[in-house]
Amino acid sequence: MDAVPTMQPGSEVVESLVEVFPSSDILHDPDFWFNDGNIVIVAKDHYPDARLTGFRVHMGVMSRHSEVFKNLLCQPLPRPKEGEGAATIEGCPQMLVTDSHYDFKQLLHALYDGIGYFTEPEPVGFGELAALVRLGHNYDIAPVYSAGLKRLRAAFDDRAYWVDPPSPDEGTDDERWRPNHWEALIAVNLFRTIEVHDLRAIALYISSTQLTAEQLIRGAEREDHFLERLADDDLARCFEGRLCLLSRRLDYVNSTVLLNSRPGCERAKECSAHLKTLLPEQTYGYANLIGLKLAPRIYRPVQGEQLCGRCTDLYKEREEQFPEELWDGLREIMSMPRSTLEPETPSENTTITAA
């Protein structure tokens, strides 16, 4: 299990412990406004007309699960400067955080409703899982971080699916969530922040092979409308990774379809003639050339009858090996550094249940 990276308590997550806006400007979150709450945590999403929203929650709950909150809330709350207005809302001190309203609400669901809130059969999307990882990391809450990352890892690090994903017209009985190309782009920055580079390489592969150069540069919006853009070095990894995938695919074609001498071929002339007819479909389309999936495959049952037995076995073996070799080499292809974190299993007393 991936360990939560360490951070300085309160680092860049809390903007202010005093009132900086009139209380009338702060909306009450309908799900997390408890009459017996003793602190109001204020957050805001990133779309232009977004308003500040307050969560009236309990200092004890926040401090119980997070050393960051514990250290912040044990400090004497400062008084507001002259002219800034009241320091409280309904008698509660205020804390303005840098996190979005959307992200912070997912964290509160985990703390108050338990991690089970995000488990099946309720559908859980990428935005919710990413918020758990992002805020579990920011506030050093290992169970929240680990639960979100476990679900993201199951979706991204799925060799069988990404090596040979079903085409839209094939359909599948597998209803598990998989990231789309926009979510993969957002995930690149998330995995970069928490230094989980094996998943970062997979996210770079998904986004770089399914998005245009313009789309990669433009970035993608999160659920809270924050625009995620790739860092310059990750953009370079996308474009250089494409070239590497293209080169490896063409090497594969040269060593299969264009291979004149095949060990043990029983009908050299006939097999060579048949393979040449497959060359156009094997080299058609840039997207096909840079993907892991071999579509269409050289060896298929109906075509197997047109190749001799030795060639059939040879191509079947190579078509099974090639995508696997690419998958195993994604970190090298995407020029990923090695993760600085070692896997860690949280202690048994770190499970979060409903508050």
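Since the structure is predicted, the reported quantities are computational estimates derived from the model, not experimental observations.

The next point concerns helix α14 (residues 309–328). Given a rise of 1.5 Å per residue, 20 residues ought to cover 28 Å, and the 29 Å separating the end C-alpha atoms of α14 matches this to within 8%. Of the residues making up α14, those classed as buried are C311, T312, L314, Y315, E319, F322, P323, L326 and W327.

Across the protein chain, pLDDT averages 80, with 73% of residues at or above 70. Within the model, pLDDT remains below 50 along residues 4–11, and this stretch shows 18 contacts once partners closer than five positions in the same chain are excluded. Here residues 340–350 is modelled with pLDDT under 50, and outside its nearest four sequence neighbours on either side it reaches 12 contacts, counting other chains as well.

What follows is about unusual backbone geometry. Look at D140: it is not a glycine, yet its phi comes out positive at around 55°. Mapped onto the elements of the fold, D140 is located in the loop between α4 (126–138) and α5 (142–156). A positive phi angle is found at E195, which is not glycine, with a value near 60°. Here E195 is to be found in the loop between α7 (181–194) and α8 (197–210).

On to the pattern of salt bridges, then. This model, assessed by the stated rule, comprises 19 salt bridges. A salt bridge links R218 to E214; the nearest nitrogen and oxygen atoms lie 3.6 Å apart. With a gap of four residues between them, R218 and E214 both fall in helix α9 (residues 213–218), about one helical turn apart. Across the pair R237 and D234 runs a salt bridge whose closest N-O atoms are separated by 3.1 Å. With a gap of three residues between them, R237 and D234 both fall in helix α10 (residues 232–254), about one helical turn apart. D234 matches R237 in its accessibility class, with the two residues each being buried. A single network of salt bridges, built from pairs that share partners, joins D103, R134, R222, D224 and E228.

Basis of the calculations
Residues numbered from 1 in each chain as written. Predicted model: local features only at pLDDT ≥ 70, side-chain atom pairs only at ≥ 80, totals over all residues. Heavy atoms only, no water. Helix = DSSP H or I, 4+ residues; strand = E, 2+ residues; numbered from the N terminus. Expected span 1.5 Å × (residues − 1). Buried < 20%, exposed > 50% of the residue type's maximum accessible area, 1.4 Å probe, protein only. pLDDT = per-residue confidence, 0-100. Contact = heavy atoms within 4.5 Å. Salt bridge = Lys/Arg side-chain N within 4 Å of Asp/Glu carboxyl O.

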